[in-house]
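An overview of the molecular structure
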Amino acid sequence: MVWDREKVKLMFEILSKSYDIIPEEYVSLWAYLTYKDPFKVLVATILSQSSTDKAALKSFRKLDESLGIEPSKLSKAKLEDIIKAIEESGLQNQKARAIKKLAEIAKEIDLEKILKEGIDSARKKLIELPKVGYKTADVLLATFGMPVIPIDTHVERVVKRLGIVRSEAKYEEIRMKLEEIIPDQYRHKIHLLLIAHGRAICKAKTPLCSKCALYDLCEYPKKLK
Ligand code: SF4
């Protein structure tokens, strides 16, 4: 069965019944719900790069308690102090440099205004910021209610195994295919649900197909037969 809007709706219903979305397990969402501040959400998302959301959340809290996550404070903070506060999230040297630079830039630009410019314009401007690629930009846009689907490592793995996109597909191809078949109102939730599914069942090394609620919809077990 080809992946179309009907099949996606079925997947959405199954995943919605299988997982609760707990904000603490998604650091960007948690930062959004707690502060509604794009700078803080960007910092949270940078901390989550190549890290777990749990470690990123710990680093976020430590950074906030020790230095304060505000452009005026982080732009003046010593790099070593930022590094120390965020070390739990890993890649702390790179991330600290990016966060400090981002703080300097955020004093000059209005992130909220950029978000209001619409998806294409905002995305273009966001990816010029330090350590902000398409995924991080899309997380910010989705978190602030725009109908985009950020493709993180879990989302990519799961949609490839499900057969929604070809296994060689890169970021933009995956995003465009998903946006073609997923209605606006489901996009952010599906992103979160696919992450939950990737963490719990469709694991990177060994997917737990025999326990998977999406088994009948998925291409992967059929390929193994
Ligand atoms: S059936 Fe297996 S490969 Fe397919 S989504 Fe479920 S766990 Fe992943």
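The rules we used
- Residues numbered from 1 in each chain as written.
- Predicted model: local features only at pLDDT ≥ 70, side-chain atom pairs only at ≥ 80, totals over all residues.
- Helix = DSSP H or I, 4+ residues; strand = E, 2+ residues; numbered from the N terminus.
- Rg over C-alpha atoms; globule rule 2.2 N^0.38 Å.
- Buried ≥ 20, exposed ≤ 12 C-beta atoms within 10 Å, placed from the backbone.
- Domains from an automatic or database assignment.
- Contact = placed C-beta atoms within 7 Å.
- Nonpolar A, V, L, I, M, F, W, Y, C, P; charged D, E, K, R; others polar.
- Near = placed C-beta within 6 Å.
- Core = buried A, V, L, I, M, F, W, Y, C linked by C-beta atoms within 7 Å.

Along its length, the chain carries 14 helices and zero strands. Start at the N end of the chain and walk to the C end: the helices and strands fall as α-α-α-α-α-α-α-α-α-α-α-α-α-α. Taking 2.2 N^0.38 as the reference for a compact globule, 225 residues should give roughly 17 Å; the C-alpha atoms of the chain span a radius of gyration of 18 Å, in line with that estimate. Projected onto its principal axes, the C-alpha coordinates of the chain cover approximately 60 × 35 × 30 Å. When the 225 residues of the chain are sorted by exposure, 38% land in the buried category.

Attention now goes to the domain arrangement of the chain. Its domain assignment divides the chain into domain 1 (5-21 + 148-224) and domain 2 (36-143). Taking only C-alpha atoms, the centre of domain 1 and the centre of domain 2 are 27 Å apart. Taken together, the contact pairs nine residues of domain 1 with seven residues of domain 2. Among the residues making up the side of domain 1 that touches domain 2, the classes are represented as five nonpolar, two polar and two charged.

Moving on: the site of the ligand. Taken together, 14 residues sit near the ligand, with Cys202, Cys209, Cys212, Cys218 and Tyr220 positioned nearest. Every element with two or more residues in the shell around the ligand is listed here: α11 (153-162) and α14 (220-224). When residues in the shell around the ligand are grouped by element, the largest group, three residues, is from α11. For the shell around the ligand, the per-class residue count stands at 13 nonpolar, no polar and one charged.

Bringing the environment of isoleucine 195 into the picture now. Relative to the helices and strands, isoleucine 195 resides in helix α13 (residues 187-200). The buried category is assigned to isoleucine 195, around which 21 C-beta atoms lie within 10 Å. Placed 40 residues apart in sequence, isoleucine 195 and valine 155 show a C-alpha to C-alpha distance of 5.8 Å. Once residues within four sequence positions are removed from consideration, isoleucine 195 is found in contact with Asp152, His154 and Val155.

Quick look at the nonpolar core now. One finds Val27, Val43, Phe60 and Ile99 to be the most contacted residues of the largest nonpolar core, which totals 62 residues. Sorting elements by how many residues they give to this core places helix α3 (residues 38-48) first, with seven residues. Each of domain 1 (5-21 + 148-224) and domain 2 (36-143) gives at least three residues to this core.

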